[in-house]
Amino acid sequence: MNVKKLGNILFWIVLLGLLFFAANNFYNRYKAKAEIENKLNQQQPTQQQGTQDQNTGKPMAPDFTLKDMEGKTVKLSDYRGKIVILNFWATWCPPCREEIPDLIKVSEELSKGTDAVVLAVNLTNGYNGENPDRVKKFAKDNKMTMKILLDEKDEAAIQYGIASIPTTFFINRDGTVYGYEIKSMGYQDFMGVVNKMK
């Protein structure tokens, strides 16, 4: 077989592999987005959380109660009246680790005021060795300043239909969901959404 034929065959193999990867990535994002929409819109009507706001028709952010890294109980509803950036992440997740420096900058910027906050929900469920000690070490090593909540039983992740991380929800002051992103975000991305919400 000559070199030119072999080169053409390799080219097509690589191209098909890239197309498969892109199609699979698109499908997984679509599936994750569908799961989130289902969780936000298909909650039991008798539940206080997950229902729609009567005035705006927007879905209410499901309330949850988790412990922070100091063991204090934190409820999402404690932050009513503030814009909340609710970020689901894990220390073993490369895209999550990629966005942490920007999330820290966003948290520091928002902490200058009193109307917005970042809540970083770690999926502390034992997967890939994720546990509270590992999260505390990671947070200390990376000088994470935002409130970190430990979702040890995937309770909040299940309520929000998290199928892929990082996933970030933007929650209005009235507790309704403004929007969400299923991807790693940069400082400008985060702040662009927050500024639209103000």
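Conventions adopted
Residues numbered from 1 in each chain as written. Predicted model: local features only at pLDDT ≥ 70, side-chain atom pairs only at ≥ 80, totals over all residues. Heavy atoms only, no water. Helix = DSSP H or I, 4+ residues; strand = E, 2+ residues; numbered from the N terminus. Buried < 20%, exposed > 50% of the residue type's maximum accessible area, 1.4 Å probe, protein only. Polar contact = N/O pair within 3.5 Å; in protein donor to acceptor, adjacent residues only side chain to side chain. Pairing = 2+ DSSP bridges. Axes fitted to C-alpha atoms, helices over the stretch in contact; angles between N-to-C directions. Contact = heavy atoms within 4.5 Å. 1 Å grid on protein atoms, 1.4 Å probe; cavity = no way out; pocket = protein on both sides within 12 Å on 5 of 7 lines; lining within 4 Å. Points joined across faces, edges and corners; volume = space filled by probe spheres on them. Nonpolar A, V, L, I, M, F, W, Y, C, P; charged D, E, K, R; others polar. Disulfide = S-S within 2.5 Å. Arc of directions from axis to C-beta. Salt bridge = Lys/Arg side-chain N within 4 Å of Asp/Glu carboxyl O.

## Quick word on the side chain of T176
Then step 1. For T176, the position within the fold is in the loop between β6 (167-171) and β7 (177-181).
Then step 2. By relative accessible area, T176 is classed as buried at 0%.
Then step 3. Only 2.6 Å separates the side chain of T176 from the side chain of D174, close enough to count as a polar contact.

## Section: the sheet that holds strand β1 (residues 65-68)
Then step 1. Judged by pairing direction, the sheet is mixed, and its seven strands sit side by side in the order β2-β1-β5-β4-β3-β6-β7 without closing on themselves. Of all the strands in the sheet, the pair left with one neighbour each is β2 (73-75) and β7. Here the average twist between neighbouring strands, direction ignored, is 30°.
Then step 2. Against the sheet, helix α2 (residues 94-110) touches β3 (83-89), β4 (116-122) and β6, its axis set at about 160° to β3.
Then step 3. Lying on the sheet, helix α5 (residues 187-197) is in contact with β3, β6 and β7; it crosses β6 at an angle near 20°.

## Overview of empty space enclosed by the protein
Then step 1. For the structure shown, the criterion picks out one cavity of 30 Å³ or more.
Then step 2. Reported here for the largest cavity is a volume of approximately 90 Å³.
Then step 3. Lining the largest cavity are 13 residues, with L76, S77, R80, I171 and G175 positioned closest to its centre.
Then step 4. Its residues assigned to classes, the lining of the largest cavity shows five nonpolar, four polar and four charged.

## Some remarks on the side chain of S107
Then step 1. If you trace the backbone, S107 turns up in helix α2.
Then step 2. Each residue touching S107, except ones within four places of it in the same chain, is listed here: V118, T145 and M146.

## So, the state of the cysteines
Covalent bonding between the sulfur atoms of two cysteines is what defines a disulfide.
Then step 1. Per the counting criterion, the structure on display carries one disulfide.
Then step 2. Sulfur-sulfur distance for the disulfide between C93 and C96 comes to 2.5 Å. The sign of the 75° torsion about the S-S bond sets the C93-C96 disulfide as right-handed.
Then step 3. Note on C96: relative accessible area 0%, which makes it buried.

## A word on helix α3 (residues 132-141)
The periodicity of an α-helix, 3.6 residues per turn, causes residues three or four positions apart to be oriented the same way.
Then step 1. Listing the buried residues of α3 in full gives V135, F138 and A139. Buried residues in α3, looked at end-on, bunch into an arc of 100°, giving them a common side. Facing away from the buried surface of α3 by more than 90 degrees, the exposed residues are D133, K137 and K140.
Then step 2. Where α3 is buried, its residues meet β3, α2, β4 and β5 (147-150).
Then step 3. The distance from a side-chain oxygen at the start of α3 to the backbone nitrogen of D133 is 3.0 Å, and the residue carrying that oxygen is N131.
Then step 4. Directly after α3, the chain includes K143, whose backbone phi takes a positive value near 50°.

## A word on the pattern of salt bridges
Then step 1. For the structure on display, the rule yields six salt bridges.
Then step 2. The partner of K112 in a salt bridge is E109, with the nearest N and O atoms 3.4 Å apart.
Then step 3. The exposure class assigned to K112 is exposed, which follows from its relative accessible area of 68%.
Then step 4. Overall, E109 belongs to the partly exposed group, its relative accessible area being 33%.
Then step 5. Across the pair E130 and R134 runs a salt bridge whose closest N-O atoms are separated by 3.8 Å.
Then step 6. Among the residues examined, E130 registers a relative accessible area of 1% and is labelled buried.
Then step 7. Here R134 falls in the partly exposed class, since its relative accessible area comes to 32%.

Keep in mind these numbers describe shape, not what the thing actually does.
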